[in-house]
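Examining the three-dimensional arrangement
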Amino acid sequence: MADHQRNAPRPDFLDKPTLTGERVLLRPVTVDDVPALLPMFRDAGTSRLTGSHDGGETDEARIRGWYDTRRDQDDRLDLAVVERATGQVVGEAVLNEWVPSNESCGFRICLVPGTRGRGLGTEATRLIVGHGFERLGLHRVSLEVYAVNPRARRVYEKAGFVAEGVLRDALLWEGERVDATVMSILAPEWFRHRGRPESAGHPRI
């Protein structure tokens, strides 16, 4: 491609990497991580921020079954977020919804209650998004964030995601209609600022 150098002709999602930052380490998620991740599924506040109408998942057997198959997925990447200072699993970061013809993926990240506000999510976002562009050869990574979750939106902005538009009344939550903002980051943008747009002279608007 003319606008950036691709390192892989086709994303290899069966390669489950370990990505190391200053605060966090991302590694393949396993069924053994379920006990640490359960609070994330069962927290009412997390359900609201992510718009999970079915509430927190309470069936541990189903959750274990899901994570036991993550290593075999050839169209997505599920990584556990580990806080390096404590060695504790504090969440997950995921590239999903891969569209080969568009060289694009969706992105989501979720941390367990009590671990937010320490910069872990920002660094984890940069690590996995950087892997998507630099190793998987993606052109676009996108997400949706609800208006009730401004903290998450700020994390995405700090990593270089740009707001594209608003999905009006996208969520009905306990009688309140909530907008969602579509955000994305493109490969040429990533290779300009490597997930740090403000330090690269691209202030948040």
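Note that this is a predicted model, so its numbers are computed, not measured.

Another point: the overall build of the chain. A count of helical and extended segments in the chain gives six helices and eight strands. Starting at the N terminus, the α and β elements of the chain follow one another as β-β-α-α-α-β-β-β-α-β-α-β-β-α. Going through the 205 residues of the chain one by one, you find that 48% of them count as buried. Of the accessible surface of the chain, which amounts to about 10,600 Å², a share of 46% is contributed by carbon and sulfur atoms.

Formed by 48 residues in total, the largest nonpolar core has its most connected members in Leu26, Leu95, Phe107, Ile128, Tyr156 and Phe161. Sort the elements by how many residues they give to this core and helix 4 (residues 120–134) lands first, with six residues. Ignoring anything within four residues of it in the chain, the contact list for Phe161 reads Phe107, Thr125, Val129, Val141, Ser142, Leu143, Tyr156, Met183, Ser184 and Ile185. Ranked by size, the runner-up nonpolar core spans seven residues in total, among them Leu49, Tyr146, Trp173 and Ala180.

On to unusual backbone geometry, then. Unusually for a residue other than glycine, Glu103 sits at a positive phi of about 55 degrees. As for its placement among the helices and strands, Glu103 is situated in the loop between strand 4 (88–99) and strand 5 (104–111). Judged by relative accessible area, Glu103 falls into the partly exposed class, the value being 23%. One non-glycine residue with positive phi stands out, namely Asp169, at about 50 degrees. By relative accessible area, Asp169 is classed as partly exposed at 44%.

Spatially, eight strands are ordered 1-2-3-4-5-6-8-7 in an open sheet, and the strand pairing comes out mixed. Every interior strand has two partners, whereas the edge strands, strand 1 (19–20) and strand 7 (162–173), have only one. Pairing analysis gives seven bridges linking strand 3 (residues 77–83) to strand 4, with the strands arranged antiparallel. Across the sheet, the residue bridging to Leu79 is Ala93, located in strand 4.

Further remarks concern helix 5 (residues 150–158). Within helix 5, burial applies to Ala152, Val155, Tyr156 and Glu157. For helix 5, the elements touching its buried residues are strand 5, helix 4, strand 6 (140–146) and strand 8 (176–186). At the exit of helix 5 stands Gly160, carrying a positive phi of roughly 110 degrees.

Right, let's talk about the pattern of salt bridges for a bit. Enumeration according to the criterion identifies 10 salt bridges in this entry. For the salt bridge of Asp33 with Arg27, the shortest nitrogen-to-oxygen distance reads 2.7 Å. You can call Asp33 buried: its relative accessible area is 5%. Classification of Arg27 as partly exposed rests on a relative accessible area of 23%. As a salt-bridge pair, Arg140 and Glu164 come within 2.7 Å of each other at their nearest N and O atoms.

Moving on, we come to the packing of helix 1 (residues 34–42) against helix 3 (residues 60–67). Taken N-terminus to C-terminus, the directions of helix 1 and helix 3 make an angle of 115 degrees; their axes are 11 Å apart at the nearest point. With respect to the hand of their crossing, helix 1 and helix 3 are arranged in right-handed fashion. Touching Val34, Pro35, Leu37, Leu38, Met40, Phe41 and Arg42 of helix 1 are Glu60, Ile63, Arg64 and Tyr67, all from helix 3. Along the lines of polarity and charge, the residues of the contact of helix 1 with helix 3 split into eight nonpolar, no polar and three charged.

Cut-offs applied
Residues numbered from 1 in each chain as written. Predicted model: local features only at pLDDT ≥ 70, side-chain atom pairs only at ≥ 80, totals over all residues. Heavy atoms only, no water. Helix = DSSP H or I, 4+ residues; strand = E, 2+ residues; numbered from the N terminus. Buried < 20%, exposed > 50% of the residue type's maximum accessible area, 1.4 Å probe, protein only. Areas by Shrake-Rupley, 256 points an atom, 1.4 Å probe, with all protein chains shown as cover. Core = buried A, V, L, I, M, F, W, Y, C linked by side-chain atoms within 4.5 Å. Contact = heavy atoms within 4.5 Å. Pairing = 2+ DSSP bridges. Salt bridge = Lys/Arg side-chain N within 4 Å of Asp/Glu carboxyl O. Axes fitted to C-alpha atoms, helices over the stretch in contact; angles between N-to-C directions. Left-handed = near helix turned anticlockwise from the far one by under 90°. Nonpolar A, V, L, I, M, F, W, Y, C, P; charged D, E, K, R; others polar.

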